[in-house]
Amino acid sequence: MQDEIPSKTKKKHEMHELQKLGAALVGLSAAHLEHMTIPEELARAVHEARRFRSHEAKRRQVQLIGKLMRDLDPEPIRAQLAAVEGGSAQERARHQRLEHWRVRLMEDDGALTEFASEHPVADLQNLRALLRNARKEQEEGRPPRAYRELFRVIREAADE
């Protein structure tokens, strides 16, 4: 049986898929893009596309990125992109859980006991002082320094 030659439609479909993958790379933050292992030429093209403000210029650059990706195996790039996007969703969910704790602690004194039972390494004396200061800041309309510090302490306790 002979190797089948891909049809023109199939080639076009693959080309568009690579362009979508390239557009996803362009949409990444600079920090995420730095951690991706992609060829240098592709990385330069992606950075260049991020610089453009004109829609048409960006579209042409994404086409170029798709062309560059034809010579590469796109699966490792897809896997890295999925890890970045999945990690972002996990990080968002974690941040929401921590924020929920902060709100509960601010509203209810009994929540501190529950937090301490779930996170035995937490410094309760420091948490009580931060809660007292954060509540006072809110009452007086001052900048939320203790409120932010409270979030940092909750995050550290949850990490341990």
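Please read all numbers here as calculations on a predicted model, not as lab measurements.

(A) A look at the nonpolar core. Ranked by size, the top nonpolar core spans 20 residues in total, and within it L25, L42, I65 and I77 carry the most contacts. Looking at this core, the elements with two or more residues in it are α1 (8-27), α3 (40-51), α4 (55-69) and α5 (74-107). Among the elements that line this core, the one with the most residues is α3, at 5 residues. Contacts of L25, omitting those with residues within four sequence positions, involve L33, M36, L42, V46, I77 and L81. Residues L98, L131, A146 and V153 belong to the second largest nonpolar core, which totals 19 residues.

(B) View of the packing of aromatic side chains. Throughout the structure, instances matching the rule amount to 1 aromatic pair. Between the aromatic rings of W101 and F115, the centroid separation amounts to 5.0 Å while the plane-to-plane angle is 75°, which identifies the pairing as edge-to-face. Linking W101 in helix α5 with F115 in helix α6 (residues 110-118), this pair joins segments that are 14 residues apart in sequence. With respect to burial, W101 and F115 carry one shared label: buried. In this arrangement the basic side chain of R102 is found over the ring face of Y147, its NZ or CZ atom lying 3.9 Å from the centre. For the cation-ring pair, R104 lies above W101, with the distance from its terminal atom to the ring centre recorded as 4.7 Å.

Criteria and cut-off values
Residues numbered from 1 in each chain as written. Predicted model: local features only at pLDDT ≥ 70, side-chain atom pairs only at ≥ 80, totals over all residues. Heavy atoms only, no water. Core = buried A, V, L, I, M, F, W, Y, C linked by side-chain atoms within 4.5 Å. Buried < 20%, exposed > 50% of the residue type's maximum accessible area, 1.4 Å probe, protein only. Helix = DSSP H or I, 4+ residues; strand = E, 2+ residues; numbered from the N terminus. Contact = heavy atoms within 4.5 Å. Phe/Tyr/Trp six-rings, centres within 6.5 Å; stacked < 30°, edge-to-face > 60°. Lys NZ or Arg CZ within 6 Å of the ring centre and 35° of its normal.

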